[in-house]
Each structure stands twice: as C-alpha cells, then as structure tokens.
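Overview (structure and organization)
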Amino acid sequence: MMRKSLVLLVSGVLFAGALATVRVATHPLVPQPLPEDPPPPAPVSPVFAEREGVRVSFDLALRARPREAAAGSALQGTARFVLADAKSGASLQGRRVLGWMSPRAPGATAPDDAACKERVKSYLGGLLSAKAEVDLNAYWFLTLNHDQTVSVINPQLAFERTKLHSLVSLGGEVADWALLKDRSALYATVASGDSVSVVDLQRFLTTRTIRVGHRPGRIAVAPDGRTAWVSNDGDGTVSILDTTTHTELAALEVGAGRHEVAFSDEGRTAWLTSSEAEMLTAVEVASREVLGTVSVGVGAGDVAWSAVARAIFVTQPRTSEVLVLDVARREVSRRIPVKPGLGALRFDRTGRWAFLLHPEAGSVDIIDAATSQVAHSLEGFAAPDAVVFTDAFAYVRNTTSGRVSLVELSTLGGASAPSVVNVTMGQLTPAEARGLGRSDPIAALPEGNGVIVAGAADRALFLYQEGMMAPRGTHLNYGREPRAVLVLDRSLREVEAGTYAATATVRENGTYDVAFLLDNPRAIVCMEWKVGGVPEDAALAKKLPLKLTPRFDPGRHFTAGTTTALRFQLEPTPGMDPRPVRPEEVRVLMFKTPGTWQWRTEPRITPDGDFEVDFTPPSPGQYKLVVGVESRNIDLGRLPHFTFGVIEAPAPASASLSEVAR
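Residues numbered from 1 in each chain as written. Predicted model: local features only at pLDDT ≥ 70, side-chain atom pairs only at ≥ 80, totals over all residues. Heavy atoms only, no water.

Bringing the sheet that holds strand β37 (residues 460-465) into the picture now. The strand order β35-β36-β37-β38 describes an open sheet built from four strands, whose pairing is antiparallel. With partners counted over all chains shown, the strands left at the sheet margins are β35 (442-444) and β38 (473-476), one partner each. Each neighbouring strand pair of the sheet contributes to a mean axis angle of 20°, computed without reference to strand direction. Across four bridges, the pairing between β37 and β38 is antiparallel. Across the sheet, L463 pairs through a bridge with G473, a residue of β38. (Pairing = 2+ DSSP bridges. Helix = DSSP H or I, 4+ residues; strand = E, 2+ residues; numbered from the N terminus. Axes fitted to C-alpha atoms, helices over the stretch in contact; angles between N-to-C directions.)

Counting residues in each nonpolar core, the largest one holds 27 residues, and the members touching the most others are F58, L60 and F81. Looking at this core, the elements that each hand over two or more residues are β4 (54-62), β5 (75-85), β6 (97-103), β41 (499-506), β42 (510-518) and β43 (523-531). By residue number, the principal contributor to this core is β43, which donates five residues. If sequence neighbours within four positions are ignored, F58 has contacts with P46, V47, A79, R80, F81, M101, V514, M527 and W529. Grouped together as the second largest cluster of nonpolar side chains are 25 residues, L566, V586, V613 and F642 included. (Core = buried A, V, L, I, M, F, W, Y, C linked by side-chain atoms within 4.5 Å. Buried < 20%, exposed > 50% of the residue type's maximum accessible area, 1.4 Å probe, protein only. Contact = heavy atoms within 4.5 Å.)

Okay, the pairing of strand β40 (residues 493-496) next. Bridge count between β40 and β41: three bridges; the pairing is antiparallel. Note on β41: the bridge partner recorded for R493 is A501. Linking β40 back to β41 in an antiparallel pair, the connection comprises two residues, with G498 at a positive phi of about 75°.

A few words now on empty space enclosed by the protein. What the rule picks out here adds up to two cavities of 30 Å³ or more. Here the largest cavity defines a volume of roughly 100 Å³. Along the wall of the largest cavity there are 17 residues; nearest its centre are M425, P430, V453, A454 and G455. Among the secondary structure elements, those contributing two or more residues to the lining of the largest cavity are β32 (393-398), β33 (403-408) and β36 (450-455). (1 Å grid on protein atoms, 1.4 Å probe; cavity = no way out; pocket = protein on both sides within 12 Å on 5 of 7 lines; lining within 4 Å. Points joined across faces, edges and corners; volume = space filled by probe spheres on them.)

Further remarks concern the pattern of salt bridges. Scanning the model with the defined rule gives 32 salt bridges in all. Residues R310 and E266 are paired through a salt bridge, measuring 3.0 Å at the closest nitrogen-oxygen approach. With R310 in the loop between β23 (303-306) and β24 (311-316) and E266 in the loop between β19 (261-264) and β20 (269-272), the pair connects residues that are 44 residues apart, well separated along the chain. For D368, the salt bridge identified is with R352, shortest N-O distance 2.9 Å. A residue pair is termed long-range when its members are at least 10 positions apart, and D368 in strand β29 (residues 363-368) and R352 in the loop between β27 (345-347) and β28 (353-358) qualify at 16 residues. (Salt bridge = Lys/Arg side-chain N within 4 Å of Asp/Glu carboxyl O.)

What follows deals with the sheet that holds strand β25 (residues 321-326). Read from one edge to the other, the open sheet built from four strands follows the order β23-β24-β25-β26, with strand pairing classed as antiparallel. One side of each edge strand has no neighbouring strand; the edge strands of this open sheet are β23 and β26 (331-337). Taken over all neighbouring pairs, the strand axes of this sheet differ in orientation by 25° on average, direction set aside. Strand direction decides the pairing type here: β24 and β25, joined by six bridges, are antiparallel. Residue pairing in the sheet places A311 in a bridge with D326 of β25.

Written out as structure tokens, the structure reads:
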C-alpha cells in the first residue's frame, strides 16, 4: 500500500515547504567557501510573536551594498524564522514553513489576526494581483527543451493555465545539464559548440560560454560544489571546470569514447569511465591528480558510488556484469552476473539499493549493496531508460508506454516481490517525442513526497503526489518538448535546529508586514519589520530602474484575428543603472480577462531603439499587456500595464437582392 505524505494544497497550488540545501552566491568571480547553509547574518534584534503554542522570532540581516551596485538598487539579505515551543522552549524541527514580506502602505496599520489570515490566503492563491514584494518560498521547474532552450516555470503561480516565467536560449543542442551546488547558475553541455553554456539563475540569462574539449556530453558537479566535470566524448578527455570563475582548470586524458563520472569517499575521489578503453581512472578532486587506474575491460558503462558498501559499482555490458570496486585497493573485488542489455545504474538515497535497467528486456534488476547480489529481478517494464528516487519510491520511466512505474523502497528488504504501482503520465509515450535525451526526465519535489515528470511528447509537465493514482496537475510547456526537468529551490529551509532561512531581496526602506505560515501545529502569524538599509537616497530607492513609455494608443480598440505591432520604450531612470536593456532581458505577457488565454514572448528591437511585439487577439474581449525585466529586479506587474478592448471582426458584406437574383 502506497504511503501518503502530508501536503498542503490551496487553489491547486502545491504547498511549497522547503528543506533542501540552498546557498545564494555573492560575487560569481571571487572564490569563496561553499557552506551548506546561508552565510551567518549580521547581529540584529529579532521581533517575536506567539500563536497556537508556538513562539516565532524573525529577523532580516541585509548584506553590505556592493560598490559597483547602481544607485537605487535592491539589497539582498538572510531572512530567518526561529520556532520554539512556547512552554518548554524546545526547538520545532522538521516543519514546513512559508513566509512573505510586503511594504506597508503609508498611513496603514498592522493587520489584525483576521486580516493576517486573509493576506496569507491571498498569497497562497498565487495571483499577480496579490503577490508579495518578497516571497521566501520561491522555486521553479526548469525544463531542457528540444529547441535548444530552457523553460523556467513557476508552479506556485495560479495565473491562468500557462506559468512560463522565462525562456533561456542555450545556443546549441544540449547533451546534458547540471545545477551548481549554490543554485547560482546552470551548466549545459553544447556538443556542437564544444562548450558549456552558463545560465545565470538570478536573471535567467545565458551569460557566458566555457570552451571545453570536443563534443562534450555528460556533466557532473562535485559534492563540494567547487568543480564540474565534463565528458568530452569526441577527444578522450574530461574537462574540470571551476564553478566560481567559470573557467576550465584542466583536461584529463582518460581514454576514447563516452565517459561517466561518479564521486566516492564523500566527494574526495572522482572515478571516470571510458567506453573504448580498458581502464577506470581515479582522480583526487582537490588536486586533480590521477591516483591510479583499475582494469575493467573495454565497454564500461554507468558508474555509481555506494556509501553502504563503500565501493564503486560499474556496469560492463560486454560481459553482462556489474563490477564492484574496492576503492582503497583500487581493484575489482566482486563480479555480479546480470541479464544482458545493460542500461542506467542508479543507487537510491540510502546507497543500499542499486537499480539496473534493461531497456531491451523490459526489466529491472535491484542489487543489494550490502551483499553485492541481485536481490530482485522485476519484469513488465516497457523499455525503461531512467530512474529517479524520493525517500519512499523509485520512479522508473517507460519509454514505449505512457506510464511511470513506482517501486516502493520499503518493500525491498523482504524475500517477497517488491510493491510496484504504475501511474499513467500523459496521453503519448516518451518514444513519440523527437528525442529522449541523456538527462533525468523526472525530478523530486522540494516537499519530498512527489515528483515532476517531463512529458516530452505531450509537451507538458505532470505533477505527481505520492499516494495518488494519477497526476495531481499539469503544467504546459509553451509548445516545447521537455526532455529533462530540474527543480530550482530557493525556499525557506531548516539550517539548524528550529531555524528556517532563505535569501530575501528588498527594494526600498520602510515598514514591512511579515506573514508566516506553519503547517504543524497550524499557525498564521503577522509581524512588523523595519528596513532602513536600502540606498540612502530614499527617493531613488522607491523608483523603478526603468521607465516604460507606450508608443501606441492604449485607448484604441483592436480587431479579433488581426495582427497589430505594439511598440514601447524602456529607458533607464536617471541616476540608476544606465545600461541599455537588451530584448532577451524583457518579458512580455498578454492575457485575456476573464479567461484562460495568455501569450508570453520576448520583444524585438526596432532601428530607433524601441521594443515591439505582434499582438493577434484570438477573440473579442478585454486584454492586458504586462512587461517585466527580471535582470533589473522588475517582476511582471511592477511596471505600468495597459488594457485593450478587442472587437469582433466585421462580417463580410451580404450580397444584395439584385445580385442574388442574377
């Protein structure tokens, strides 16, 4: 029987508690430590409140404003909630929390309990009209698409049907991708360009490319987050990248063919395979020195580390074996015979259970690392090619079937067959897409009790909550085929016992209302916090860095089905960031009110420096134009928006009676 986990759903929006590891980078070019927790805030005096037997304290420590920051720019800091039992003082650990901050309007008073609850309810609804100035619960879905782009989707935004936040161009066909440890950037290997594209995950823009070897494929970030390892499948090397400077540190010769990478001993050693060489290469991560090699035979495939066995496991398709390597002695200590046709090899989060996929046979072998034996051999799959884990389940994708198979991990320890449940995701099979890709098509949700599944052929994402027999919801992908999916999580997480922290960005001084929601016991609290550190010039601090000027008549009426060019100007505000805005920085949203139609795009630049989009309303009604520039801290809805009336296209003139008679 499938285990059901606690989840809070409001207006179809998944409650986004966060216990994942997140650190926001400071300066991308200065090497610095990469701790698991946010940097410690400067000493401040917290504010306190008590509800439902819970004592809540809050503080926001802003970081110093960089010298190179433009006047009037926002400041980042660390927001912290500390939870304790009001009677005993014991820390409340392992809770799911949400938090928001919004500046209080001049002359307004602090919200009472009823108003506080209404405000939290409106924030949970995810509407743009009720969006908090500072959202401490943000996370996004990133999809790697067939058209060399990455979609950034906000699953918490209850705004019509499509929730596309940004679209990032990667400059070529991508073989693989990886998030950096601090979530500041995304690396994507572009085989045709012999390069790695670096995507800034604050602005959602490709900011640079790193030249590597020929035809880069797999990429893996070392556990300490300081380096990324890129398989150059066309020249027999592996490039090691510095993730702080985004440069290549070294290129190691490891043998021809395709390479896979695994890290052992808490990330101290990297193990590199080569499909056309006989040796597995061990490299010290810190020094990048080759420690030695192990003979595994030509054709080695996937490689994975087991913390339980303290051993490296390598697939050998040529001999239909899984090799177990003693990492200390650097030699093969055991050979596990398996069925032919070896595919992906992945360990669950405990490091005990290895799932070995057999795509051609439609089966999955489950190896117990504690005994180095096949504990279970499961049949009935349909060309399985990928497996991803939560704490409770293994999710196996079937490429010739629309179902994902869930194997319950708690049932693996017994002698009887493990529990397997099949859940249909979408109407089309992955094999009907233009390509399957090499990256994971399934990602675990921050809540830990579900996944998001990339439905490539359906051009959608399927949200699945454990305990259900069908997807909980669907997110459209703007007509693109998502080949892989990642979760970018920047929400509140527990950094120490009872302390929950997240990075906050504030744009102006003043009094803020801080709203807080705790799941267990359920408590809603509103507190007051005064911000006084954002630029000293208060007038500039309250200004937006850009001015939007329409080059069209906002009062005119448009005709359904007719395309009209809408032109507007974006000028830097005097005294603030003077750089001109590029078209790829601008997000344009058109939507119908009420209704479900909406359209998002990037504008084009005109010869005279204006921006322009083509608007083709599908039907009569009222439409809105909204512009945002994320790279300048201007979210959708902060700049002035414009409302248009759209009328029915005139019907063709009727033929006269005399014409009919003739």
